[in-house]
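Structure at a glance
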Amino acid sequence: MKKIIIALVGQPNVGKSHLANAMSGSNLKIGNFAGVTVEKAIARLSTGEHEVEFIDLPGLYSLEDFAADEKVTKDFLLKGEYDLIVNVIDSTNLDRNLMLSTQLMELHKKMIIALNMDDEASKEGIEIDDRNMSKILGIPCIKVSSKTKSNIDTLLETILHVEKNPIQLAKLVYTDDVEEQLQNIVKFLDDKHFSLPPLTNKTVALGLLWQKREVYALVHEHPLYIELQPILNQALGNVYRYCECDDIEEVITAQHNAFISGLCAEVLHVKKPKYQNITQTIDSLLIHKLLGLPIFIFLMWGLFQLTFTLGQIPMDLIESSFGWLGETVGASIENEALKSLIADGIIAGVGSVIMFLPNIMILFLGIALLETTGYMARAAFLLDGFFHKFGLHGKSFIPLVTGFGCSVPAYMAARTLKNKSDRLLTMFIIGFMSCGARLPVYVLFAGAFFEEEMAGNVLFGIYISGAILGLIAGKILRITAFKGEDEPFVMEMPKYRLPSLKLLWFVVYAKSLMYIKKAGTFILMASMLIWFISSYPKNTLIEEQYTTQIESTLNDEDKGSLQNEMREKMMEMTYLGMLGKTIEPVFTPLGFDWKMSVATMSGLAAKEVIVSTLGVLYSLGDEVKEDDNSLREIIASNISFPSAMAFIVFVMIYLPCLAATAVFAKEAQSLKYTAYLVIFTFATAWVLAFIMYQLLTLLA
Amino acid sequence: MDLSQAKKSEKLKIVNIKAQAMLKKRLSTLGVIVGKEVEVLETTIQKNTIKIAIGLGSIALRLDEAKLIEVEAY
C-alpha cells in the first residue's frame, strides 16, 4: 500500500482540523513533533491502494513571520517529508487567506487549494469561481465544506490525482518590470547550463531575487556565483527603483497584494454588500462597552460552578466504587503486606485521582469551547487594556487560559508572543493559573471545609484570586526583571462558529484518556512508592509495646485511640515519616503537619499526587474509624481550617510539576530563568501561605 | 487623521501606514493595506482596544497601533 503524506496548511480559524476530521472519519490522533514539542494532529485514511496521512500543521498567517509557533510550520514545509500541500482557505475571507497561499505557491511544491466553508460563503452571498481560479493559478482549487461534507470525495480524488502526476507549478504573475528582471536571471542561469535539481531555474531566480536564505545557501557554493552576483545586484537595483521601495520584504508583499487583487477581481463576487452579519450582532453584545466584561466574568463563573456541581454527581459514584473495590480486593487477599499495598497503596492512590476525572472533563470542555467558538479572541480584546496595566499583553490571555488546563501546553502557547520579555513574563505568570491537576486538591478541600452550596463559589474564588495574584506578580516582574517595549496588539477577530461536536468530543476524549493514562502509570507508580516508604521499615518494637498496652486496656474507646496512636507512631518511624519530620520545620509556620509537608513535596512530581499521597497516608493511619471512610471527611477532621487554607494557598502558587518545569526550561531556553522560576514560586507560595495561616489563626 | 480618531461606523480609506517594518508586515498579513476600506466596529470602555472591519473580516488593535494608520473619508 502506498503512503501519501499531506501537509494541511492554512491561516488560523479556517477549519483545518475539522476538514482533516471530515476526510478521515474519526481517526484524528494528536502526537508530538519529532524534535520540537508542538502538537501535530495526524489523521489516517485508507482508500484501497493508498494510505493517506494528513498532518494538521499549526495555523499561521504568513510564512515570513517570526513567531516561534509559526516557525514550526515553516520548518516542516521547508524540511519535512510530505508529498503535497493542501492549502485550506476560509472562503468567506478569500483575499486575506490568499496572502499565505501566494507564499506557499512560491515554495514550488505540489499543491491544492481547498476553499473551505463553502456553505457559509454561499449564505453570505460570496461567490467564488473555482474553475476560473484553478485556470489562473494552474493548480486545482476545490470548493469544500467540512460541515456539510460537500465535495470531500472530489478533494480526495484530486489529492490522489495530483500526487500521481508530475508537478504542475502554480502560476504566480508579478508586475512586468519584476518579471523582466526574473527572466534576465533565468536566461543567465540557462546560458551557463546551471541547474539545481529539483529546483527549476525560475525557482532559483525567484529565490535569489527575493533574497531567500535557503536558496542563497545553495547557490553560494557554486563558482558561478561570482559571475552571477553583478547580474543579481543590477536586477535588485532595478526592482527597487521600479517599486520605489528599498525593502525586499515590502516589495514581495506589494507584488503579492497586486496579484491577489487582480485574482479576486476575476474570481470573487460578493453579491450583497457588507451587511450586519451574525458575528457583528453577537459582538455588539459580547464585547459591549459596559456589558462585555461582566458577561465574561459571568461565563467564567458559570464554568467553575458547572465543574463543581455537575462533576459532583459521578464523583460520589466513582469514590464509592473504588472504596468497594478496595474492600473486596482487600478481603480476598491473605498476605497482609500485599493486601495493604493493593488496597491502601494502589487503589486508594489511583482511586483518589480517577475520582476527579468528571471535573477535569468539564474544565477541558470549557476551554475547548472557548477556543473553538472564537470567544477567546474576544476575551483577549476585552482584557488587553486591563492586562496592559499589569505589564501583560492581551494575547497573554490565551496561554494563561490554557494554563487552567495544564501548564505544559500553556508554556508552548506562549509562543504566540513574539517579544521575548513579554513571553517570559507570561510564562512566569502561567503558574498562578491553577492547572487542572490542582483542581482535585481544591475540590477535596473546598468540599471538606465548606457547605456544598458554597463550594462552587469557593472554587471560583480560588481561581480568581490565583489570577489576581498572577497579575500583581506580573506588574512586579515587569517593573523589576522584564523591562522593555511592549509588543503591539494586532489580532484577528475570527467569526463566531458553532464547534463541531465530533471535534469537541475528540479533544475532551483525548485529554481524558491522557489523564487516565497518567493515573494508570505515573500516579500508580507514585502511589506504590509512597505506600512503600510510608510502610517501611516496620518498627516491631512500637507494635509490641502498644499491642500489650491495648490488650491490657478494657475500655473500647481507649483501645481505639491507642490503636490510632500506634499507627501514627509507626508511620512516623518509616522512611516517609523521617523525611516528613526533617522537612516539617520548614512548613510548621504554615500550620502543616508532616503529612501535609510530604504531600506538598510529592506534588512536585505531579499535582494529582498531592491528593493520592494524602489518600494513602490517611487511609493507612485511619482504618479504625469505619463510619467515615471518605477522604474528604478524614481531611475535615484531621486538618484545622487555617492550615487547610494555607495549604490551598501554597498549592495555588508553588512550582508547577517537574514535567512543566522541564518544558519551561526548554521554552525559555535559559537555566537562569528556570532557577528564578523555582525560587520565585516557592518564596511567594511560602510567604503568602504564612500570612494566610497567621491571619486565620489570629481571627480564630 | 488617524484611525484612533475615527468614529464608530465611519467608512474610511487607509492612505498611509507609519508602522515599523515588523508591525507593518503583521498588519498586511491581516489585510491592513494602503487603499483598503476600514471601519471602526467596537471600542472597549476606556478605548484601549478597538475592533475594526477590514476586507471581509475583522481585527482588533490597540489605540497605539491605530494611531499609526492614517485614514481619510471614503
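Each helix and strand counted, chain B has two helices and five strands in total. The order of α-helices and β-strands along chain B, N terminus first, is β-α-β-β-β-α-β. Its C-alpha atoms give chain B a radius of gyration of 11 Å, within 12% of the compact-globule value 11 Å for 74 residues. By principal-axis analysis of the C-alpha atoms, chain B measures approximately 30 × 25 × 25 Å. By residue count, 50% of the 74 residues in chain B fall in the buried class.

Here we come to the overall build of chain A. When you go through chain A residue by residue, the secondary structure sums to 31 helices and ten strands. Within the span of chain A, comprising 700 residues, buried residues form 43% of the whole. By sequence separation, contacts in chain A at least 24 residues apart represent 74% of the contacts at least 6 residues apart.

This brings us to the sheet that holds strand β10 (residues 490-492) of chain A. As summarised here, the arrangement of the six strands in space is β10(A)-β4(B)-β3(B)-β2(B)-β1(B)-β5(B), forming an open sheet in which the pairing is antiparallel. A single partner strand is all that each edge strand has here, and the edge strands are β10 of chain A together with β5 (69-73) of chain B. For this sheet, the mean inter-axis angle between neighbouring strands, taken without regard to orientation, is 40°.

Quick look at helix α29 (residues 641-653) of chain A now. All names here are of chain A. The terminal C-alpha atoms of α29 lie 19 Å apart, and with 13 residues this matches the ideal 18 Å at 1.5 Å per residue to within 8%. Most of α29 is tucked away, with ten of its 13 residues classed as buried. Listing the buried residues of α29 in full gives S643, A644, A646, F647, I648, V649, F650, V651, M652 and I653.

The next point concerns the interface of chain B and chain A. Facing the 28 residues of chain B at the interface are 30 residues of chain A. Contributions of two or more residues to the side of chain B that touches chain A are made by α1 (21-29), β2 (37-43), β3 (49-54) and β4 (57-62) of chain B. Here the element with the most residues in the side of chain B that touches chain A is α1(B); it accounts for seven residues. Among the residues forming the side of chain B that touches chain A, the class breakdown is eleven nonpolar, eleven polar and six charged. Bridge count between β10(A) and β4(B): three bridges; the pairing is antiparallel. In the strand pairing of β4(B), A:E492 is matched with B:I59.

This next bit is on the nonpolar core. Residues and elements named next belong to chain A. Core analysis: the biggest nonpolar cluster contains 194 residues, and L8, A114, Y411, F445 and F650 have the highest contact counts within it. Looking at this core element by element, the count peaks at ten residues for helix α22 (residues 501-535). Two domains each donate at least three residues to this core, and these are domain 1 (2-164) and domain 3 (295-537 + 574-699). With residues up to four places along the chain from it excluded, the contact list for L8 reads K16, A20, F54, I55, D56, L57, V86 and V88. Counting residues in each nonpolar core, the second largest holds 16 residues, with L189, A205, L209 and I252 among its members.

The buried fraction of helix α26 (residues 594-602) of chain A is high, at eight of nine residues. If you check which residues of α26(A) are buried, you get A:W594, A:K595, A:M596, A:S597, A:V598, A:A599, A:T600 and A:S602.

The next thing to look at is the confidence of the model for chain A. Predicted confidence across chain A gives a mean pLDDT of 82, with 94% of residues reaching 70 or more. The low-confidence segment residues 622-628 of chain A, where pLDDT is below 50, has six contacts with residues more than four positions distant or belonging to other chains.

Inspection of the secondary structure assignment puts A:M300 in helix α13 (residues 292-332). Through-space distance from the C-alpha of A:M300 to that of A:Y463 is 9.9 Å; in sequence the pair is 163 residues apart.

Looking now at the pairing of strand β5 (residues 84-90) of chain A. Residue and element names in this part refer to chain A. For β5, the tally of buried residues reaches six of seven residues, placing the bulk of the element in the interior. Two elements, strand β1 (residues 2-10) and β5, share five bridges in a ladder whose sense is parallel. Counted as the bridge partner of A7 is I85 from β5. Note: β5 against strand β6 (residues 111-116), six bridges, orientation parallel. When the bridges of β6 are listed, N87 appears paired with I113. For the segment spanning β5, helix α3 (residues 94-105) and β6, crossover handedness is right-handed.

Once that is clear, we can look at unusual backbone geometry. The phi dihedral of A:H193 is positive, around 55°, even though this residue is not glycine. The topology assignment puts A:H193 in the loop between α7 (176-191) and α8 (201-209). A:H193 gets classed as exposed once you count the C-beta atoms within 10 Å, which come to 7. Backbone geometry at B:S9 places phi at a positive 65°, although glycine is not the residue there. Since 9 C-beta atoms lie within 10 Å of it, B:S9 is described here as exposed.

We now examine the confidence of the model for chain B. Of all residues in chain B, 100% have pLDDT values of 70 or greater, and the mean over the chain is 87. For this predicted complex, the interface score ipTM comes out at 0.92, while the overall pTM is 0.76.

Glancing now at the pairing of β1(A). Pairing geometry for β1(A) and strand β4 (residues 50-56) of chain A, over seven bridges, is parallel. Bridge pairing in β4(A) places A:A7 opposite A:I55.

Next up on the list: the packing of helix α19 (residues 420-430) of chain A against helix α21 (residues 452-480) of chain A. Residue and element names in this part refer to chain A. Relative to each other, α19 and α21 sit at 145°, their axes nearing to 9 Å. The chirality of how α19 crosses α21 is right-handed. Note on element contacts: α21 touches α19 through G470, A473, G474, L477 and R478, opposite L425, F428 and I429. For the contact of α19 with α21, the class distribution of residues is five nonpolar, two polar and one charged.

Residues and elements named next belong to chain A. Position of I278 relative to the elements: it lies in helix α12 (residues 278-286). We classify I278 as exposed; it has 12 C-beta atoms within 10 Å. Put simply, I278 and K495 are 217 residues apart on the chain and 8.7 Å apart in space, counted from C-alpha to C-alpha.

What follows is about the packing of helix α15 (residues 357-373) of chain A against helix α17 (residues 397-405) of chain A. All names here are of chain A. Following both chains from N to C, one finds α15 and α17 inclined at 160°, their axes separated by 9 Å at the closest point. The angle between α15 and α17 falls in the class roughly antiparallel. At the point where α15 passes α17, the crossing takes the left-handed sense. Taken together, the residues of α17 that come into contact with α15 (itself represented by L363, F364, I367 and L370) are V401, T402, F404 and G405. Of the residues that constitute the contact of α15 with α17, the class distribution is six nonpolar, two polar and no charged.

To continue, consider the environment of A:D422. Residues and elements named next belong to chain A. You can see D422 is positioned in helix α19. Given 22 C-beta atoms within a 10 Å radius, D422 is considered buried. Measuring from C-alpha to C-alpha, the distance between D422 and D486 comes to 7.0 Å, with 64 residues separating the pair along the chain. Contacts of D422, omitting those with residues within four sequence positions, involve H393, L417, D486 and E487.

The rules we used
Residues numbered from 1 in each chain as written. Chains lettered and ligands numbered in written order. Predicted model: local features only at pLDDT ≥ 70, side-chain atom pairs only at ≥ 80, totals over all residues. Helix = DSSP H or I, 4+ residues; strand = E, 2+ residues; numbered from the N terminus. Rg over C-alpha atoms; globule rule 2.2 N^0.38 Å. Buried ≥ 20, exposed ≤ 12 C-beta atoms within 10 Å, placed from the backbone. Contact = placed C-beta atoms within 7 Å. Pairing = 2+ DSSP bridges. Axes fitted to C-alpha atoms, helices over the stretch in contact; angles between N-to-C directions. Expected span 1.5 Å × (residues − 1). Nonpolar A, V, L, I, M, F, W, Y, C, P; charged D, E, K, R; others polar. Core = buried A, V, L, I, M, F, W, Y, C linked by C-beta atoms within 7 Å. Domains from an automatic or database assignment. pLDDT = per-residue confidence, 0-100. Right-handed = clockwise from strand over helix to strand, strands pointing away. Left-handed = near helix turned anticlockwise from the far one by under 90°. Parallel < 35°, antiparallel > 145°, perpendicular 65-115°, else oblique.

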